[in-house]
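Below are the chains, spelled out letter by letter.
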Amino acid sequence: MVADVSGQHGGAIDAHARRRPRVVIIGAGVSGIASAITLQRSGFDDFVILEKGSDVGGVWHWNHYPGLTCDVPSHLYQFGFAPKPDWSQVFAPGPEIQEYLADVVDRFGLRPHVRVNAEVTAARFTGSGWVVETGDGTRYEADFVIAATGVLHHPAMPELPGLGEFTGEVLHTARWDDTVATDGRRIAVIGTGSTGVQVVSALQPKARQLTHFVRSPQWVIWAPMWLPQPAAIGVALERLPRVNRALYQAGMTGARLFTDVVTRPSWRRRAVQEYARLSLRAQVRDPRLRADLTPDYQPLCKRQVLSGSYYRALNARNADLVTDAIETVTPTGIRTADGRHHEFDLIVFATGFKAHNYMRPMNLTGREGLSIDEAWAKGPRAYRMTAIPGFPNLFTVLGPNSPTGSIPLHHAAEVTARYIAEWIKRWSAGEFDTVEVTETATARFESEVSDALEPTVWNTGCNSWYFTEAGTIDLLPFDRSTMETMLAAPEDVDFHLRTVPTDD
Ligand code: N01
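Residues numbered from 1 in each chain as written. Predicted model: local features only at pLDDT ≥ 70, side-chain atom pairs only at ≥ 80, totals over all residues. Heavy atoms only, no water.

A word on the pattern of salt bridges
- According to the stated counting rule, one finds 31 salt bridges in the structure shown.
- Two residues, D143 and R22, come together in a salt bridge whose shortest N-O distance is 2.9 Å. Placement of the pair is D143 in the loop between β6 (139-142) and β7 (144-147) and R22 in the segment before β1 (23-26), with a sequence separation of 121 residues.
- Note on D143: relative accessible area 6%, which makes it buried. (Salt bridge = Lys/Arg side-chain N within 4 Å of Asp/Glu carboxyl O. Helix = DSSP H or I, 4+ residues; strand = E, 2+ residues; numbered from the N terminus. Buried < 20%, exposed > 50% of the residue type's maximum accessible area, 1.4 Å probe, protein only.)

Below, the structure is given as structure tokens:
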């Protein structure tokens, strides 16, 4: 078992047996769960999953704001190896997804491997493996580290002047406090990404007054997010696993259309964009409100927002849209640049995430003392989303340039985890002690990505969380089969494989 340094472990090469790799997985969200189950299915059981939160589920554990719904169809938002036939809705509510992930962890016997409330604060490459340390000082020795730390994890909280003086309540959607009352109150929601749109739709009906502060409007495509999945369909799919599997495959095939639309200009892209414009025209009749809600960039450029209720919520008598800049927060509300003062009981920040932090602020040190902050001084980078020069025997799942905006994420995590497992199998067979991607291969991958990003819709002139501070787009501009080919098998020419001399 992966143990703290004082634990018992025999990791030495046995000429007659395969080595038993010790693996630390950081994070128990979608990618951590996919990694753990993939290791299990490859015959490896000496792994521990270190999770900072109090439960598994990652983003679905941390987020439980009112209205949280997955805007990806449920039958695609699941693991290929753990199909759930009986989703309650076509677009599942957040708590049901969290339940699904917890259920997968139980069904696959992962609980004994999970340490919750175990935030990794440091990880150091020793020359042959890793020592990983959690906040309470526990240390784990590992042959491999898998950083499954997520993309949308660190809430972004703007430092608005006067915020500390506000006498009402303040919440960030990603750290929602379920005890805070919202009914009958005057609520400000700041931010208009997928989260802001969902939370506005959910809070408006029972709020005394809801004001949505929108700095840059988003295109909001109409979709019936509430559509139930009849129970009979769940029962039938449960009894007919082949049909369920075929449905999943059909969904994956359908998802190709979406990848195509965002990565290549075509009439298909234009058709979807026209539908986004129509969604606004058809639902917002007031010309002034419509003008305020019209973005100055192409639909699909930012992560596309889907909602069947947002515009209706804004049209309600108790709802207001404010596009004037926020000047300051006062003890009782918000003053905007036009001099108006808006009184509130509650301010909700739906202001998104620091999406390019990945495993940071962890103190991660690779070969020859190289820190991750030094390695990523010009922004996060990884060969094929998973391997970082200078960090041997460490892989990321849903790391830099992962297809968060174009390919079903569970699938991307599974494909990456299988790729990592291939390396670990070869380590287990004694082929090498350390594996490290070359700088040349990483630079080549970056250059391929950069060229392929040119014609994508993300590159058509908007500002979104897809952009890093260095101005690059942190997404994968390739289709699913290209991603699968990239990660089908390790290519030795792109790696340094080393053996570590032993004392005897
Ligand atoms: O965050 P965002 P999100 N003053 O970064 C505004 C996923 N997700 O949490 O555009 C005023 O998209 C900012 O304004 P601007 C999904 O991938 C999935 O909504 O910078 N406003 C923007 O409007 C999504 O894309 C589901 O001008 C400020 C907003 O805050 C991702 O999470 C559900 C501001 C941030 O939007 C992130 O979405 C929900 C300031 N100082 C989310 N600072 C599913 O259903 C920021 N803003 C799967």
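Structure's up, so let's keep going.
Notes on the pairing of strand β9 (residues 186-190)
- The buried count for β9 comes to four of five residues, which makes it a mostly enclosed element.
- With five bridges connecting them, β9 and strand β10 (residues 209-213) associate as parallel partners. Across the sheet, I187 pairs through a bridge with L210, a residue of β10.
- As for the winding sense of the linkage, the β-α-β connection from β9 through helix α4 (residues 194-203) to β10 is right-handed.
- Where β9 meets strand β17 (residues 346-349), four bridges bridge the pair, whose relative direction is parallel. (Pairing = 2+ DSSP bridges. Right-handed = clockwise from strand over helix to strand, strands pointing away.)

Notes on the environment of T134
- Inspection of the secondary structure assignment puts T134 in strand β5 (residues 130-134).
- Each C-alpha atom, one on T134 and one on V235, is 43 Å from the other, the two residues being 101 residues apart in sequence.
- Setting aside residues up to four positions removed in sequence, T134 forms contacts with L50, A118, E119, V120, T121 and Y140.
- There is a polar contact of 2.8 Å between the side chain of T134 and the side chain of D136. (Contact = heavy atoms within 4.5 Å. Polar contact = N/O pair within 3.5 Å; in protein donor to acceptor, adjacent residues only side chain to side chain.)

Observations regarding the state of the cysteines
- If you walk through the whole model with that rule in mind, you get one disulfide.
- Across the disulfide from C301 sits C462; the S-S distance is 2.1 Å. Taking the torsion about the sulfur-sulfur bond, which here is approximately -90°, the covalent link between C301 and C462 counts as left-handed. Residue C301 is located in the loop between α8 (287-292) and β12 (305-306), and its partner C462 is located in the loop between α12 (439-453) and α13 (480-486); the two are separated by 161 residues in the primary sequence.
- C462 sits in the buried class, given a relative accessible area of 11%. (Disulfide = S-S within 2.5 Å.)

What to know about the nonpolar core
- Core analysis: the largest hydrophobic core is formed by 103 residues, its most contacted members being I25, F79, L293 and Y310.
- Looking at this core, the element that brings in the most residues is helix α11 (residues 409-428), giving eight residues.
- Residue assignment places this core across two domains, with domain 1 (21-151 + 354-498) and domain 2 (163-228 + 264-349) each supplying three or more.
- Each residue touching L293, except ones within four places of it in the same chain, is listed here: P217, Q218, L280, V284, Y310, Y311, L314 and L321.
- Membership of the second largest hydrophobic core comes to 26 residues, among which are V24, V151, I372 and I388. (Core = buried A, V, L, I, M, F, W, Y, C linked by side-chain atoms within 4.5 Å. Domains from an automatic or database assignment.)

A word on the site of the ligand
- Every one of the 22 residues lining the ligand counts as a neighbour, but T69, T195, S216, K302 and W465 are closest to it.
- T69 is positioned such that a nitrogen or oxygen atom in its backbone is 2.7 Å from an oxygen atom of the ligand.
- Contact distances for the ligand include 2.9 Å between an oxygen atom and a backbone N or O atom of D71.
- Protein burial of the ligand: of its 920 Å² of free accessible surface, 85% is covered by the chains.
- Looking at the shell around the ligand residue by residue, the class counts come to eight nonpolar, ten polar and four charged.
- Each of domain 1 (21-151 + 354-498) and domain 2 (163-228 + 264-349) accounts for three or more of the residues forming the shell around the ligand. (Near = heavy atom within 4 Å. Areas by Shrake-Rupley, 256 points an atom, 1.4 Å probe, with all protein chains shown as cover. Nonpolar A, V, L, I, M, F, W, Y, C, P; charged D, E, K, R; others polar.)

Observations regarding the sheet that holds strand β4 (residues 120-125)
- Strand order in this open sheet of four strands is β6-β5-β4-β18, and the pairing throughout is mixed. Two strands close off the open sheet at either side, each with one partner strand: β6 and β18 (363-365). Within this sheet the neighbouring strands show an average axis-to-axis angle of 15°, counted without direction.
- Bridge count for β5 against β6 is four bridges, and the pairing is antiparallel. Pairing of E133 across the sheet is with R139, part of β6. (Axes fitted to C-alpha atoms, helices over the stretch in contact; angles between N-to-C directions.)

Quick look at the packing of aromatic side chains
- All told, the structure shown has 17 aromatic pairs when counted by the stated rule.
- Ring centres of Y383 and F495 lie 5.3 Å apart, and the angle between their planes is 90°; on these two criteria the pair is classed as edge-to-face. In this pair, Y383 sits in the loop between α10 (372-375) and β19 (394-396) while F495 sits in strand β21 (residues 495-498), placing the two residues 112 residues apart along the sequence. By the burial criterion, Y383 is buried, and F495 matches it.
- Three or more aromatic residues joined by ring pairs form one cluster here, namely F79, F81, W87, Y100 and F108.
- Sitting over the ring of W427, R19 keeps its end group 3.9 Å from the ring centre.
- The lysine or arginine in question, R277, covers the ring of W219, its NZ or CZ lying 5.8 Å from the ring centre. (Phe/Tyr/Trp six-rings, centres within 6.5 Å; stacked < 30°, edge-to-face > 60°. Lys NZ or Arg CZ within 6 Å of the ring centre and 35° of its normal.)

Description of the packing of helix α1 (residues 30-41) against helix α3 (residues 94-107)
- Here α1 crosses α3 at 20°, and the two axes come no closer than 11 Å. In terms of orientation, α1 lies roughly parallel with respect to α3. The interaxial crossing formed by α1 with α3 has left-handed handedness. Two secondary-structure elements touch here, α1 through V30, I33 and I37 and α3 through L101, V104 and V105.
- Split by residue class, the contact of α1 with α3 holds six nonpolar, no polar and no charged. (Parallel < 35°, antiparallel > 145°, perpendicular 65-115°, else oblique. Left-handed = near helix turned anticlockwise from the far one by under 90°.)

Describing the side chain of T173
- Looking at where T173 falls in the secondary structure, it is placed in the loop between β8 (169-172) and β9.
- With a relative accessible area of 1%, T173 lands in the buried category.
- For T173, the residues in contact, after removing those within four places along its chain, are N63, Y65, T195, V199, V348, F349 and A350.

Thoughts on unusual backbone geometry
- Going from R360 to P361, the amide bond is cis rather than trans, its omega being 15°.
- With respect to the helices and strands, P361 occurs in the loop between β17 and β18.
- A positive phi angle, near 80°, is found at L300, a position not held by glycine.
- Here L300 is to be found in the loop between α8 and β12.
- At L398, a residue that is not glycine, the phi angle is positive and equals roughly 55°.

Geometry only, nothing functional implied.
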